[in-house]
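Listed here are the chains, written in short residue letters.
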Amino acid sequence: MSNVAVIGAQWGDEGKGKIVDWLSARADVVVRFQGGHNAGHTLVIDGVTYKLSLLPSGIVRPGKLSVIGNGVVVDPWALDAEIEKLRALGVTVTPANLMVAENAALILPLHRELDVARESGTVQALGTTKRGIGPAYEDKVGRRAIRAVDLRNLSILPAKIARLLAHHNALRRGAGVGELSVEAVLAELTEIAPKVLPYIGPVWRKLDQAWRAGKRILFEGAQAVLLDVDHGTYPFVTSSNTVAGQAAAGSGIGPRQIGYVLGIAKAYTTRVGEGPFPTEQKNEIGERLGARGAEFGTVTGRKRRCGWFDSVLVRQTVVTGGIDGIALTKLDVLDGFDEIKVCIGYKLGAKSVDYLPADSVEQAALEAVYETMPGWSQSTRGARSWAELPANAIKYVRRVEELIGASVALLSTSPEREDTILVHDPFLG
């Protein structure tokens, strides 16, 4: 049996939560390896909806170990609040089923404040969730971050905080935000430390033990490849690597232990926030896709931009993300369209382009070239086998496979966990 890494193959919001939950029924360990509480996953289980931002999707299933790896930036206040919210829904969360990497960098209130100041300033906004993710990663790379393990020894924190504030107070002065004292930040951390310390431990060691014991490990990515800080539509990206390779670096295991990489893609395309979007439909089609797909962010509630499926982008993320197979979600949203378009290339001025250029000016100037396919009037919602799908829906899926250069391993036809057609079991590699 193989371990499995799940990553988004578009701009996020592809339905990773449902697919990870579907897979977690057969996994022993579920690992978050990058991002923060800016990534929302919605699970619908037996009619109960769970909205997760930081905790791995496996947390709602008894008998699973959920792990937050070192590649995640952790807001301890958000973590505590999410744990309490799940407990109110009857979910058990204890140190026996949740571990947070001791070497994970923390998001502090000052990171959120800086994020808000930047997004509200005169410089062009990037459309962040204003949760402090980017500033926290900046401090991690700058080697001035407060890490989870630092909460164990409060006596060493004042010196670490002073070093952090030497950087942040200069930024706050420039942004017109009041400066902070070491004492104020120390008081915040002293208060939250007892609530999160029981969960903190050596994640790399725990995962190695699980792997050697033959446990199935599921790596759960946040955001998506097109938001990767290196491979996405820079600068309209997140602040971490979202490709499958990050599953190793962000959890402390070797790259050969990642196993099968499952990319998640919607049967159409959406994105939240600013940035290029070649197939965006600012018309009745986009409104229809958004309404039928309930395209509002789990974390922010922001309306998502909607458009036709872009096979050029997904073909590229299959390569850069290391994707072995695709889980195609929300096929049912396309029910009832007379015609369905698929982007098969771009025009850049007089040139034809078959990939996403790295240059942001060129990205913004791309014009989609479409192939039109016949739609279907029958409902696909809730289908659990190929035999239940209309012929034109099957043709659409097969054409998508041809265009992106990867096979569809799973097909999702509603938010419900069991409304999934299994084509290839990722755990079998």
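All values reported here derive from a predicted model rather than from experimental measurement.

Across its full length, the protein chain carries 12 helices and 18 strands. Principal-axis analysis of the C-alpha atoms places the extent of the protein chain at approximately 65 × 50 × 40 Å. Here the protein chain holds 429 residues, and 56% of them are scored as buried. Counted over contacts in the protein chain with a minimum sequence separation of 6, partners at least 24 positions apart contribute 76%. Each charge class in the protein chain was averaged separately, 49 positive and 47 negative side chains, and the resulting centres sit 3 Å apart.

Attention now goes to helix α9 (residues 284-292). Looking only at α9, the buried set comprises G286, L289 and G290. On an axial view of α9, the arc spanned by its buried residues comes to 95°, and they lie on one face. Along α9, exposed side chains directed more than 90 degrees from the buried face belong to E284 and A291. Among the residues trailing α9, A294 stands out with phi positive, at a value near 50°.

Our focus in this paragraph is the side chain of T270. Relative to the elements of secondary structure, T270 occurs in strand β10 (residues 269-271). Contact partners of T270, with chain neighbours within four places excluded, come to W11, G12, D13, F277, E295, R304, R305 and C306.

In terms of backbone geometry, most residues other than glycine have negative phi values and most peptide bonds are trans. Cis peptide bonds are those with omega within 30 degrees of zero, and the linkage from Y234 to P235 qualifies with 10°. Of note, P235 is situated in the loop between β8 (217-220) and α8 (246-249). Unlike most non-glycine residues, D13 shows phi in positive territory, near 60°. Structurally, D13 is set in the loop between β1 (4-8) and α1 (16-24).

Before going further, it helps to examine the pairing of strand β5 (residues 65-68). Neither face of β5 is open: one carries L65 and V67, the other S66 and I68, and all of them are buried. In this sheet, β5 lies alongside strand β2 (residues 29-32) in parallel orientation, the contact comprising 4 bridges. From the neighbouring strand, V31 faces β5, where its bridge partner is V67. Judged from the 3 bridges that link them, β5 and strand β6 (residues 98-101) form a sheet pairing that is parallel. Residue pairing for β6: S66 is matched across the bridge by L98. Between the parallel pair β5 and β6, the chain is carried across by helix α2 (residues 76-88), and the sense of this crossover is right-handed.

Moving on: the packing of aromatic side chains. Counted under the stated rule, the structure contains 3 aromatic pairs. With a centroid separation of 5.6 Å and an interplanar angle of 70°, the aromatic rings of W308 and F337 are classed as edge-to-face. Of this pair, W308 sits in the loop between β11 (305-307) and β12 (309-310) while F337 is found in the loop between β13 (325-329) and β14 (339-348), placing the two residues 29 residues apart along the sequence. Looking at W308, the relative accessible area reads 3%, which means it is buried.

Rolled over the atoms, a probe sized like a water molecule indicates the empty space that remains. Evaluated as defined, the whole model comprises 1 cavity of 30 Å³ or more. In this structure, the largest cavity occupies an estimated 50 Å³ of space. Lining the largest cavity are V74, P76, L79, V100, L106, A148, V196 and I200. For the lining of the largest cavity, the residue count by class is 8 nonpolar, no polar and no charged.

Neither face of β8 is left uncovered, since the one carrying I217 and F219 and the one carrying L218 and E220 both have all their residues buried. Sheet topology note: the β1/β8 ladder contains 3 bridges and is parallel. Note on β8: the bridge partner recorded for V4 is L218. Note: β2 against β8, 4 bridges, orientation parallel. Paired with R32 across the strands is E220, a residue of β8.

The rules behind each value
Residues numbered from 1 in each chain as written. Predicted model: local features only at pLDDT ≥ 70, side-chain atom pairs only at ≥ 80, totals over all residues. Heavy atoms only, no water. Helix = DSSP H or I, 4+ residues; strand = E, 2+ residues; numbered from the N terminus. Buried < 20%, exposed > 50% of the residue type's maximum accessible area, 1.4 Å probe, protein only. Contact = heavy atoms within 4.5 Å. Lys, Arg positive; Asp, Glu negative; His and termini not counted. Charge placed at Lys NZ, Arg CZ, Asp CG, Glu CD. Arc of directions from axis to C-beta. Pairing = 2+ DSSP bridges. Right-handed = clockwise from strand over helix to strand, strands pointing away. Phe/Tyr/Trp six-rings, centres within 6.5 Å; stacked < 30°, edge-to-face > 60°. 1 Å grid on protein atoms, 1.4 Å probe; cavity = no way out; pocket = protein on both sides within 12 Å on 5 of 7 lines; lining within 4 Å. Points joined across faces, edges and corners; volume = space filled by probe spheres on them. Nonpolar A, V, L, I, M, F, W, Y, C, P; charged D, E, K, R; others polar.

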